[in-house]
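# Observations on the model geometry
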Amino acid sequence: MLEYHITATRLDAHGSVARCKNTEITLDTDLAGNPNAFNPAELLLAAVAACMLKGIERITPMLKFSLRGVEVRVDGARQDSPPKMASITYEIIVDTDETDRRLELLHDNVKKYGTVFNTVASGTALSGVLRRKQVQA
């Protein structure tokens, strides 16, 4: 079983920092908001996106899937009472010449094997699409 560890420290009333391995992330813990840091909800959405991207990195060599790039867009809707993410939607945009069937296979694998994806999906309405990047004319 894999285990993970981070440490988060309050810096002041305007922000905090999370540390893991050899890096850190500035956290928006200011009640007024901090435009230079991720707030907790944004961190959750970023974790979902990072999980999808890491899954794609793991899956593409196994599937011999060729791509030039990937972009993930994630949106969350928060409800107030009780406070929670009511829904999360995503769009994975893949720059590739692979067939539509192979794109579906990639998406199926992202959903099936993503640790954060499956953790969030078990308690929140999580849905989205994986599509091909449109060629710019």
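Refer to the structure presented above.
This write-up is about the structure you can find in this document. Position numbers for residues count from 1 along each chain, tracking the sequence in the order it is written. Only residues with pLDDT of 70 or above have their local features reported here, since the model is predicted, and side-chain atom pairs are shown and tallied only from 80 upward, although totals for entire chains, interfaces and linings are computed over all residues. Here the side-chain values reflect all heavy atoms present in the structure, with hydrogen atoms and water set aside.

When helices and strands are counted, the protein shows three helices and six strands. Each helix is a run of H or I in the DSSP string that is no shorter than four residues. Each strand is a run of E no shorter than two, and both are numbered from the N terminus. Going from the N terminus to the C terminus, the protein shows its helices and strands as β-β-β-α-β-β-α-α-β. C-alpha atoms of the protein, sized along the principal axes, occupy 50 × 40 × 35 Å. Note on exposure labels: buried denotes an accessible area under 20% of the residue type's maximum, exposed denotes more than 50%, and partly exposed covers the range between, all computed with a 1.4 Å probe on protein chains only. With 137 residues in all, the protein has 30% of them scored as buried. Contacts are assigned to residue pairs that have any heavy atoms within 4.5 Å of one another. Residue pairs at least 24 apart in sequence account for 48% of intrachain contacts in the protein once pairs closer than 6 positions are excluded. What sets the accessible areas is the Shrake-Rupley method with a 1.4 Å probe; for residues, cover comes only from the shown protein chains. If you sum the accessible surface of the protein, you get close to 9500 Å²; carbon and sulfur atoms cover 55% of it. Distance between charge centroids for the protein: 6 Å, based on 17 positive and 17 negative side chains. In this charge count, Lys and Arg are treated as positive and Asp and Glu as negative; neither His nor the chain ends contribute. To locate a charge, take NZ of a lysine, CZ of an arginine, CG of an aspartate or CD of a glutamate.

Attention now moves to the nonpolar core. M52, V74, I88, Y90, I92, V94 and L106 are the most contacted members of the largest nonpolar core, which totals 23 residues. Secondary structure elements with two or more residues in this core: helix 1 (40-63), strand 4 (69-79), strand 5 (84-95), helix 2 (100-113), helix 3 (115-121) and strand 6 (125-132). No other element matches the eight residues that helix 1 contributes to this core. Setting aside anything within four residues of it in sequence, one finds Y90 in contact with M52, R73, V74, H107, K111, F117, L126, S127, G128 and V129. For our purposes a nonpolar core is just a set of buried Ala, Val, Leu, Ile, Met, Phe, Trp, Tyr and Cys residues, chained together by side-chain atoms within 4.5 Å.

Each reported salt bridge corresponds to a side-chain nitrogen of Lys or Arg within 4 Å of a carboxyl oxygen of Asp or Glu. What the rule picks out here adds up to 10 salt bridges. Between R78 and D80 there is a salt bridge, with the nearest N and O atoms lying 2.6 Å from each other. Residue R78 is classed as exposed on the basis of its relative accessible area, which comes to 53%. Given the relative accessible area of 62%, D80 is considered exposed. The network of salt bridges with common partners includes E71, R73, E91 and R131.

Cavities and pockets are found on a 1 Å grid laid over the protein atoms alone: a cavity is a set of points where a 1.4 Å probe fits but cannot escape, a pocket is an open set with protein on both sides within 12 Å along at least five of seven lines, and a lining residue has an atom within 4 Å of such a point. Grid points are joined across faces, edges and corners, and a volume is the space filled by probe spheres set on the points. Empty space within the largest pocket amounts to approximately 1000 Å³. Every residue lining the largest pocket is counted, 25 residues in all, and those nearest its centre are Y4, K21, A47, A50 and V116. Sorting the residues of the lining of the largest pocket by element identifies strand 2 (15-20), strand 3 (23-27), helix 1 and helix 3 as the ones contributing at least two each. A total of nine residues in the lining of the largest pocket trace back to one element, the largest contributor, which is helix 1. Charged residues are taken to be Asp, Glu, Lys and Arg, nonpolar residues to be Ala, Val, Leu, Ile, Met, Phe, Trp, Tyr, Cys and Pro, and polar residues to be all remaining types, Gly included. Classifying every residue of the lining of the largest pocket by side-chain character gives 15 nonpolar, five polar and five charged.

Here we take up the pairing of strand 2. Following DSSP output, two strands are said to pair if at least two bridges run between them. Summarising the sheet, strand 1 (residues 7-12) and strand 2 pair through five bridges and their orientation is antiparallel. Note that in strand 2 the partner of A8 across the bridge is A18. The antiparallel hairpin formed by strand 1 and strand 2 contains two residues in its connecting segment. Pairing geometry for strand 2 and strand 3, over five bridges, is antiparallel. Looking at strand 3, one finds that C20 is bridged to T23. Between the antiparallel neighbours strand 2 and strand 3 lie two residues, among them K21 with a positive phi of about 50°.

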